[in-house]
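These are the residues of each chain, in order.
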Amino acid sequence: MTAKQTAKVVFMPTGRRGEFSMGTPLLQAAQKLGVDIDSICGGRGLCGRCQVLCMEGEFPKLGIHSSLKHLNGLTEAEQRYETQRKPLAAGRRLGCHAYIQGDLVIDVPPDSQVHQQLVRKDAELRDIVLDTSTQLHYVKVEEPDMHSPKGDLQRLYEALAWEWQLQDLSCDTALLPRLQSVLREGKWGVTVAVQQGSRMTAIWPGLRDKVYGIAVDVGSTTIAAHLCDLVSGAVIASASSMNPQIRFGEDLMSRVSYVMMNPEGTEAMSAAVRQALNELIEQLVKQAKITRDTILEMVLLGNPIMHHLLLGISPVELGGAPFALTTNEAVHAYAYELDLQINRGGRVYILPCIAGHVGADAAGVVLSEEPYLQDAISLLVDVGTNAEIVLGNKERLLACSSPTGPAFEGAQISSGQRAAPGAIERVRIDPDTKEARFKVIGSDLWSDEEGFAASVAKIGVNGICGSGIIEVIAEMYLAGVISEDGVIDGALADSTQRVIPQGRTFAYVLYDSGEGDERVIVVTQNDVRQIQLAKAALYAGVKLLMDKMGINQVERIRLAGAFGSHIDVKHAMILGLIPDCPLDKVASAGNAAGTGARIALLNQAARRTIEAVVQRIEKIETAVEPKFQDYFVEAMAFPHKTDHFPHLFSVVQRPPKKAIQANPDSDSNSRRRRRRG
Ligand code: FES
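If you're wondering where the values come from, they're calculated on a predicted model, not measured in any experiment.

A. Local environment of the overall build of the protein. Tallying secondary structure elements over the protein gives 18 helices and 29 strands in all. Against the compact-globule benchmark of 26 Å for 677 residues, the protein has a radius of gyration of 28 Å, which places it among compact chains. Each of the three principal axes of the protein carries a C-alpha extent, and together these read 105 × 80 × 50 Å. Burial status across the protein gives 58% buried among its 677 residues. Of the contacts formed within the protein by residues at least 6 apart in sequence, a portion of 67% connects residues at least 24 apart. When the accessible surface of the protein is split by element, carbon and sulfur atoms take 51% of a total near 28,800 Å². Taking the average place of the 70 positive charges on the side chains of the protein and the average place of its 80 negative ones, the gap between the two points comes to 2 Å.

B. Representation of the pairing of strand E17 (residues 347–350) in the model. Burial along E17 is two-sided: Arg-347 and Tyr-349 facing one way and Val-348 and Ile-350 facing the other are all buried. By the bridge criterion, four bridges tie strand E15 (residues 295–302) to E17 in an arrangement that is parallel. Residue Leu-300 lies in a different strand from E17, and its bridge partner there is Ile-350. Across four bridges, strand E16 (residues 331–334) lies against E17 in antiparallel orientation. Looking at E17, one finds that Val-331 is bridged to Ile-350.

C. Seen up close, the environment of Ile-128. Following the sequence through the fold, Ile-128 ends up in the loop between strand E7 (104–107) and strand E8 (134–140). Using a relative accessible area of 21% as the deciding quantity, one classes Ile-128 as partly exposed. The contacts of Ile-128, once residues within four sequence positions are left out, are Arg-598, Ile-599, Leu-602 and Asn-603.

D. Highlighting empty space enclosed by the protein. Within the structure shown, the criterion is met by three cavities of 30 Å³ or more. There is about 60 Å³ of room inside the second largest cavity. Every residue lining the second largest cavity is listed: Tyr-477, Gly-480, Ile-482, Ser-483, Glu-484, Pro-655, Pro-656, Lys-657 and Lys-658. Grouping the amino acids of the lining of the second largest cavity by side-chain chemistry returns four nonpolar, two polar and three charged.

E. Here's a closer look at helix H15 (residues 604–616). Between its first and last C-alpha, H15 extends 19 Å over 13 residues, near the 18 Å set by a 1.5 Å rise per residue. Within H15, the full set of buried residues consists of Gln-604, Ala-606, Arg-607, Ile-610, Val-613 and Val-614. Buried residues belonging to H15 abut E15, E17, helix H8 (360–369), strand E20 (397–402), helix H14 (592–602) and strand E29 (618–619). Backbone nitrogen of Ala-605 and a side-chain oxygen of the N-cap are separated by 2.9 Å at the start of H15; the cap is Asn-603.

F. Representation of the side chain of Asp-361 within the structure. With respect to the helices and strands, the residue Asp-361 is situated in helix H8. Discounting chain neighbours no more than four positions away, the residues touching Asp-361 are Leu-301, Gly-302, Asn-303, Asp-382, Glu-388 and Ala-593.

G. Molecular detail of the environment of Gln-31. Position of Gln-31 relative to the elements: it lies in helix H1 (residues 26–32). Separated by 237 residues in the primary sequence, Gln-31 and Ala-268 have C-alpha atoms spaced 9.5 Å apart. Setting aside anything within four residues of it in sequence, one finds Gln-31 in contact with Arg-247, Phe-248 and Tyr-258.

H. The pattern of salt bridges, seen in detail. Applying the stated criterion across every chain, the model contains 25 salt bridges. The salt bridge partner of Arg-558 is Glu-369, with a shortest N-O separation of 3.8 Å. With a gap of 189 residues between them, Arg-558 in strand E27 (residues 556–560) and Glu-369 in helix H8 connect regions that are remote in the sequence. Comparing Arg-558 with Glu-369 shows no difference in burial state: the two are buried. Among the ionic contacts, a cluster of salt bridges with common partners joins Asp-152, Arg-155 and Arg-184.

I. Structural view of the packing of aromatic side chains. Enumeration according to the criterion identifies six aromatic pairs in this entry. With 5.7 Å between their ring centres and 85 degrees between their planes, Phe-438 and Phe-452 make a pair best called edge-to-face. Pair noted here: Phe-438 is in strand E22 (residues 436–440) and Phe-452 is in helix H9 (residues 452–455), with a separation of 14 residues, a long-range link. Judged on exposure class, the residue Phe-438 and its partner Phe-452 are both buried.

J. How the structure looks around unusual backbone geometry. In this structure, Pro-322 follows Ala-321 across a cis peptide bond, with omega equal to 5 degrees. Residue Pro-639 follows Phe-638 across a cis peptide bond; omega there is -15 degrees. Mapped onto the secondary structure, Pro-639 falls in the loop between helix H16 (627–634) and helix H17 (646–649). One non-glycine residue, Lys-187, adopts positive backbone phi at about 50 degrees.

K. Region of the structure containing the sheet that holds strand E25 (residues 505–512). What the three strands build is an open sheet, ordered E24-E25-E26; its pairing is antiparallel. Across the chains shown, the open sheet's two edge strands, defined by having one partner strand only, are strand E24 (499–502) and strand E26 (520–524). Going from strand to strand, the sheet's axes swing by 40 degrees on average, the running direction of each strand aside. Across four bridges, E24 lies against E25 in antiparallel orientation. The residue bridging Pro-501 from the neighbouring strand is Phe-506, located in E25. Together, E25 and E26 form the strand contacts of helix H11 (residues 525–549), whose direction differs from that of E26 by roughly 55 degrees.

Parameters and conventions
- Residues numbered from 1 in each chain as written.
- Predicted model: local features only at pLDDT ≥ 70, side-chain atom pairs only at ≥ 80, totals over all residues.
- Heavy atoms only, no water.
- Helix = DSSP H or I, 4+ residues; strand = E, 2+ residues; numbered from the N terminus.
- Rg over C-alpha atoms; globule rule 2.2 N^0.38 Å.
- Buried < 20%, exposed > 50% of the residue type's maximum accessible area, 1.4 Å probe, protein only.
- Contact = heavy atoms within 4.5 Å.
- Areas by Shrake-Rupley, 256 points an atom, 1.4 Å probe, with all protein chains shown as cover.
- Lys, Arg positive; Asp, Glu negative; His and termini not counted.
- Charge placed at Lys NZ, Arg CZ, Asp CG, Glu CD.
- Pairing = 2+ DSSP bridges.
- 1 Å grid on protein atoms, 1.4 Å probe; cavity = no way out; pocket = protein on both sides within 12 Å on 5 of 7 lines; lining within 4 Å.
- Points joined across faces, edges and corners; volume = space filled by probe spheres on them.
- Nonpolar A, V, L, I, M, F, W, Y, C, P; charged D, E, K, R; others polar.
- Expected span 1.5 Å × (residues − 1).
- Polar contact = N/O pair within 3.5 Å; in protein donor to acceptor, adjacent residues only side chain to side chain.
- Salt bridge = Lys/Arg side-chain N within 4 Å of Asp/Glu carboxyl O.
- Phe/Tyr/Trp six-rings, centres within 6.5 Å; stacked < 30°, edge-to-face > 60°.
- Axes fitted to C-alpha atoms, helices over the stretch in contact; angles between N-to-C directions.

Given below as structure tokens:
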């Protein structure tokens, strides 16, 4: 008898099932079936986010006898994970290292699923000069005549030339099949959509005065779309969703790694994002009670990797030096070429990327903030796993990116998590008692206010999100819990229970439910180091651009992106995430990239503007700049080793200097990690 070549696998709780070749990793099987399993490391067995539980026993309804024996034994990677991170709970395996060897019922526990994130990308209010590239023209067309052999299309052209002075028009072939019926349905009165005065892209019977466009910010975590009335410019509906590519890898480099390891990865991620876009279109259409055929244009932007995957281009070249883009020009396409379900003749415009690691999203921020029109020198920072930085004014613009890593998003932080209900997002620490109070997403109360416990009873206090991490470490510095070198002061353990020993270093207890280790949220020495590394990378990038520009002071700072919009600018400056600047000149730019997309949707001149501006932005490559490393090292201190922060310390009490001996191991470990990264 020949051995079985395939096995049945059912994933719970979704119940998705499939037949897979023996030896297929469970993570890959889950992704093939569209089961959301978290992954930060792209299947390297490092992050532990892909944990699954093998259910054992008979499952008669499913026709499966499931057993742990139907998986390979614990791999070296899993053993390494257990010793270096923490032991896997009974029956749990890393999905990326558990290989199918027989029929299985696999449970994907909630902590391994991609959680619903709070989506806060709302359309910003901003005046935009309306000048869309699509114009509507109603015409009356001459009826056919036995004695004149002209076609219906030719008589339509004549009518448009006569009534609208539109000469030399052409017509999308996609319109031809319905042209005759539309003309007759409209009793020879039709509305035609004409793109850029030269091409007919849509036609409707009778008078039509409403057509729409969609502006989309394709973020690596969140996709946010705004439906706009192309006639009034108004935002009619907004919708957002998680980027489903998360199931292939949480951060950008994991997605690039996924493509490197899986030849079909580009196609799979491209299909996933296009499907998500179509689902968003569906939501917008329903919200606005319109039909898809009235949507004539889409403008999209995203970082270079999102940009390439959207277009079905492998992002592999963007994963390493020299970070070559396939194209640094704007992309014009038909919506159907990208499988986007709007009007058959609908057009897509994608903003140009600035460089291989500074994307079309940064171009959107530039378009929205218009530093190229201003005298004041602006610093625009889009904080993400790769911070995109633009500095300059109407004379000169520079751009670079800095490898901040995912720490600001809660990854690599012991109690870090995404911005979701139950995440600590605001923190204050009393400098005298070292006691902390905090707020969590989902409750309006501070933790020391009456009713707090009841308000978080359902959501819990689960971890710290990006803005919370910024605040807690800045507050620890202000309260003297950590030194300016970022060392947690172990001497405080004698006077406060908030500081506890942890191995050879110390940790700060931010929250203790009193229910044992599982419910304690601490900030460890390593957490502080991770934030130092991330903020130093960002500051070093900024410093490099300031250096190139020949300035030592910026005049205004705008923080863009979901993270940038929610961090407190004062705490960001206390940490030394951004350089010193009058605090009233520092602000969130909100979803500036999304606003840029909307501007490009509604104003065709803006497209020409940003295309020209992007060409003249000087691209600085931090990886090859010798000074970057020095700037990085100096920026490890809070707020900075050598730079002064006069504006900041005119409004914030600078804590007294403390010299605390750092644990030599923790420092050298941090440096080793940075070099490897
Ligand atoms: S451990 Fe990271 S994906 Fe499996």
